[in-house]
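# Structural description and commentary
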Amino acid sequence: MIAADDLEHCREAIRHGSLSFHAASKLLPARVRDPALALYAFCRLADDEVDLKAEKAEAVLRLRDRLDAVYAGRPKDAAPDRAFAAIVEDFEMPRALPDALLEGLAWDAEGRRYQTLSGVRDYSARVASAVGAMMCVLMRVRDADALARACDLGVAMQLTNIARDVGEDALEKRIYLPLDWLEEAGIDVEAFLENPKPTKAIRMMVKRLVMEANRLYIRSEAGVGALPRRCRPGIYGARFIYAGIGGQLTAMGYDSISARARTSKVQKIGWLGQSMLLSAASMIMPRSAVLYAQPLTEVQFLVDAAAAGPVKSSRSDALISVLSTLEQRRQEQRAQRTGQRVEMS
């Protein structure tokens with residue numbers, strides 16, 4: 001069980017760090033909301049560790065060590081780690097799910113870029129759908145069809161984030177738009193990162209991401225009816241609040257470089273009200289056949305891991321490989337710093 005002080009720390013972290021999830025979480029029952037806040041606090045910590053730190057390889061490897069400690073039952077003496085360790089124990093969280101998040105963050109630390117939309121979905125599966133699958137575990141849902149739709153929602157949310165942050169990412173010399181889209185438009189990636197402008201071609205790429213996200217938001221709705229009844233309003237709420245960001249981008253002509261798309265408190269309240277109505281309707285409506293649609297190829301491994309339950313698993317070869325690369329980079333950076341200190345002395 002999560003200690004009260006640790007839970008309060010996680011609650012505060014989400015209140016200030018993730019306004020959209022904090023709003024949607026209010027509609028979840030306490031038995032799911034509390035561990036969900038702890039889960040998101042740990043994931044937020046993980047994301048910030050990599051996103052905000054200059055030495056990203058070092059940050060990912062520290063996160064790897066913290067995750068190892070959690071699964072060894074000896075979490076770091078910090079509220080998010082202790083709370084996440086309690087979740088792992090109470091819900092028998094499959095190791096493959098947080099490992100997938102770790103892999104996505106390692107890709108960020110590498111500065112990886114994605115040639116195709118499928119590659120972007122691969123990344124989105126790790127940094128977002130893995131969290132959606134973990135949320136299902138917190139709801140005691142292990143049904144493969146429901147998990148597939150939760151993963152649809154995760155990919156949709158991440159595509160929305162990418163569409164919203166094209167300008168901000170460019171300022172950090174990062175790009176998540178599919179490279180083949182840029183090639184088709186005759187846009188040089190490095191030139192764009194040096195001087196990002198909301199050209200018609202770039203705005204069309206943002207639109208394509210928003211449209212793909214909307215397709216997956218619609219698919220994800222079929223899975224909400226397969227969740228416990230009291231959980232449905234909160235998940236509908238997350239779906240509409242994030243999709244609302246895409247709506248704002250549409251209203252802005254898909255220009256996510258000149259300004260950042262934001263939604264208002266009044267809009268969020270409206271979407272939460274809509275979520276309550278849809279949840280009530282889901283009690284009497286038959287399940288949609290879309291529930292049984294095949295999972296996206298890029299999320300199949302998450303569905304399999306969560307549906308299998310608490311089986312012990314080792315890290316994938318792909319994750320071991322990327323962590324090894326980062327370990328080598330860390331050693332090179334340390335050697336470089338040591339050399340610099342020797343020269344200065």
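Residues numbered from 1 in each chain as written. Predicted model: local features only at pLDDT ≥ 70, side-chain atom pairs only at ≥ 80, totals over all residues. Heavy atoms only, no water.

### Here we look at the packing of aromatic side chains
The line we're drawing: For this analysis, a ring pair means two rings from Phe, Tyr or Trp (six-membered ring only for Trp) whose centres lie within 6.5 Å, classed as stacked if their planes differ by under 30 degrees, edge-to-face if by over 60, and tilted for the remaining angles. Each helix corresponds to a stretch of at least 4 residues labelled H or I by DSSP, and each strand to a stretch of at least 2 residues labelled E; elements are numbered beginning at the N terminus. When accessible area is computed with a 1.4 Å probe and restricted to protein chains, residues below 20% of their type maximum are described as buried, those above 50% as exposed, and intermediate ones as partly exposed. Both a distance and an angle decide whether a charge sits over a ring: NZ of Lys or CZ of Arg must be within 6 Å of the ring centre and within 35 degrees of the ring normal.
Per the counting criterion, the structure on display carries 5 aromatic pairs. Taken together, a centroid distance of 4.4 Å and an interplanar angle of 10 degrees make the contact between Phe42 and Phe84 stacked. With a gap of 42 residues between them, Phe42 in helix H3 (residues 30–51) and Phe84 in helix H5 (residues 79–91) connect regions that are remote in the sequence. There is no split in this pair, since Phe42 and Phe84 are both buried. Taken together, the ring pairs connect Trp107, Tyr114, Tyr123 and Tyr176 into an aromatic cluster. Over the ring of Trp181 we find Arg208, and its NZ or CZ is 3.9 Å from the ring centre.

### Considering helix H8 (residues 144–164)
Note the following rule: One fewer than the residue count of a helix, multiplied by 1.5 Å, yields its expected span. Any pair of nitrogen or oxygen atoms within 3.5 Å is treated as a polar contact; in protein, a donor-acceptor pairing is required on top of that, and neighbouring residues in sequence qualify only through side-chain atoms on both sides.
Taking 1.5 Å per residue as the helical rise, H8 with its 21 residues ought to reach 30 Å, and the 30 Å between its terminal C-alpha atoms agrees with that figure. Of all 21 residues that make up H8, 19 are buried, and the element is covered over most of its length. Where H8 begins, the side chain of Asp143 points an oxygen toward the backbone nitrogen of Asp145, at a separation of 3.2 Å.

### Structural notes on the environment of Gly309
Put simply, the test is: In what follows, a contact means two residues having at least one pair of non-hydrogen atoms within 4.5 Å.
Mapped onto the secondary structure, Gly309 falls in the loop between helix H15 (300–308) and helix H16 (317–344). Residue class for Gly309 comes out buried when judged on its relative accessible area of 5%. As for Gly309 and Gly119, which are separated by 190 residues in sequence, their C-alpha atoms are 27 Å apart. Residue contacts for Gly309: discarding those within four places in its chain leaves Pro94 and Arg142.

### A closer look at the layout of surface pockets
Heads up, the rule is: Cavity and pocket criteria rest on a 1 Å grid covering protein atoms alone: a 1.4 Å probe that fits but cannot get out defines a cavity, protein on both sides within 12 Å along at least 5 of 7 lines defines an open pocket, and an atom within 4 Å of a point defines a lining residue. Grid points are joined across faces, edges and corners, and a volume is the space filled by probe spheres set on the points. When residues are sorted by character, Ala, Val, Leu, Ile, Met, Phe, Trp, Tyr, Cys and Pro go into the nonpolar class, Asp, Glu, Lys and Arg into the charged class, and all the rest, Gly among them, into the polar class.
As a volume, the second largest pocket reaches approximately 320 Å³. Glu221, Tyr236, Ser282, Pro286 and Ser288 are the residues nearest the centre of the second largest pocket, which is lined by 14 residues in total. At the level of secondary structure, the elements contributing two or more residues to the lining of the second largest pocket comprise helix H12 (200–224), helix H13 (232–251) and helix H14 (265–282). Here the residues of the lining of the second largest pocket sort into 8 nonpolar, 3 polar and 3 charged.

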